[in-house]
Amino acid sequence: MNESLGRVLVIVPAWNEEANVGNTVREIRSRAPQYDIVVVDDGSTDKTARVARDAGATVIPLPINLGVGGAMRAGFTYAQRHDYDAAIQVDADGQHDPAEIVRVLDGLSSADISIGARFADKGDYEVKGPRKWAMLFLAGVMTNVAHTRLTDVTSGFRAGNRRAIDQYVRYYPAEYLGDTLDSLVAAVHAGLTVTQIPVAMRPRAHGTPSQHPIGATIYLLRSVFALGLALMRPRKATGGSAA
């Protein structure tokens, strides 16, 4: 474990996740008790906020649903204002295994951003059809942009150091896939470095993910469009040197 990280915040974006968020928070507390947890309640209409608070998390309630990007930007702003040295996203639905948190954070010893990658020779997570094609294409393009091999650039299971937190507070889009693709492109263009750590993902604990053929095809088209827009944005330097 990287002991030099300092204070770490686990950010859990949650929208109508009352069935999952309590178990997720308790598991994070069990697996990584040294880290603080904040749940960003993204305008939920159920008991997400109460369940998260009862499980021991600090809760940031958003008055309306902003999407994952908006929720995460609120979480990074909280991390910056409370002087955290690093932050890591863990989704409320149980797919991100809290047992892998420390491993993903260890990636920050060599980069500003560490991505927990599903397709890096660990676990049996699998996608097929148009969604798989999209992920392969996106990974190939981002590997060239970041100058390091990346296999899972849409993974939300990612950590960032202070430079990354500051960058995300400045720019973290709320658009579809912006929280993963656009934010990553912007960070790389601003001079931040990226690495990936192989992780095993788990099935969603409750609820049904959208994996039908039509949804997968739409994902393919929207992801390519989102990446194209991200790559057209001008580069902006943050200053300072990589960690």
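Source: prediction; values computed, not measured.

## Things to note about the pairing of strand β5 (residues 113-117)
For step 1, the next point in the chain: Most of β5 sits inside the fold, with five of its five residues counted as buried.
For step 2, the next point in the chain: Residues of β5 alternate between two faces, with Ile113, Ile115 and Ala117 on one and Ser114 and Gly116 on the opposite face, all of them buried.
For step 3, the next point in the chain: Here β5 runs beside strand β6 (residues 158-161); their pairing, made up of three bridges, is antiparallel. Paired with Ile115 across the bridge in β6 is Arg158.

## Overview of the environment of Ser183
For step 1, the next point in the chain: In this structure, Ser183 sits in helix α7 (residues 178-189).
For step 2, the next point in the chain: Judged by relative accessible area, Ser183 falls into the buried class, the value being 0%.
For step 3, the next point in the chain: With eleven residues separating them in the primary sequence, Ser183 and Tyr172 have C-alpha atoms 5.5 Å apart.
For step 4, the next point in the chain: For Ser183, the contacting residues outside a window of four places in its chain are Arg158, Tyr168, Tyr172, Pro173 and Gly178.
For step 5, the next point in the chain: Looking at Ser183, its side chain comes within polar contact range of the main-chain oxygen of Asp179, at 2.6 Å.

## Section: the sheet that holds β5
For step 1, the next point in the chain: The sheet built from seven strands is open, its strands ordered β3-β2-β1-β4-β6-β5-β7 with mixed pairing. Lying at the two open borders of the sheet, with one neighbouring strand each, are β3 (58-62) and β7 (194-198). Across this sheet, the average inter-strand angle for adjacent strands is 20°, counted without regard to direction.
For step 2, the next point in the chain: This element, helix α6 (residues 162-170), spans β4 (86-89), β5 and β6 of the sheet and lies at about 100° to β6.

## As for the packing of aromatic side chains
For step 1, the next point in the chain: Counted under the stated rule, the structure contains three aromatic pairs.
For step 2, the next point in the chain: Geometrically, the ring pair formed by Phe76 and Tyr168 is tilted, given 4.7 Å between the ring centres and 40° between the ring planes. Here Phe76 is found in helix α3 (residues 67-81), whereas its partner Tyr168 is found in helix α6, with 92 residues between them in sequence.
For step 3, the next point in the chain: Relative to Tyr172, the ring of Tyr168 lies with its centre 4.8 Å away and its plane at 80°, an arrangement referred to as edge-to-face.
For step 4, the next point in the chain: Here Tyr168 falls in the buried class, since its relative accessible area comes to 2%.

Cut-offs applied
Residues numbered from 1 in each chain as written. Predicted model: local features only at pLDDT ≥ 70, side-chain atom pairs only at ≥ 80, totals over all residues. Heavy atoms only, no water. Buried < 20%, exposed > 50% of the residue type's maximum accessible area, 1.4 Å probe, protein only. Helix = DSSP H or I, 4+ residues; strand = E, 2+ residues; numbered from the N terminus. Pairing = 2+ DSSP bridges. Contact = heavy atoms within 4.5 Å. Polar contact = N/O pair within 3.5 Å; in protein donor to acceptor, adjacent residues only side chain to side chain. Axes fitted to C-alpha atoms, helices over the stretch in contact; angles between N-to-C directions. Phe/Tyr/Trp six-rings, centres within 6.5 Å; stacked < 30°, edge-to-face > 60°.

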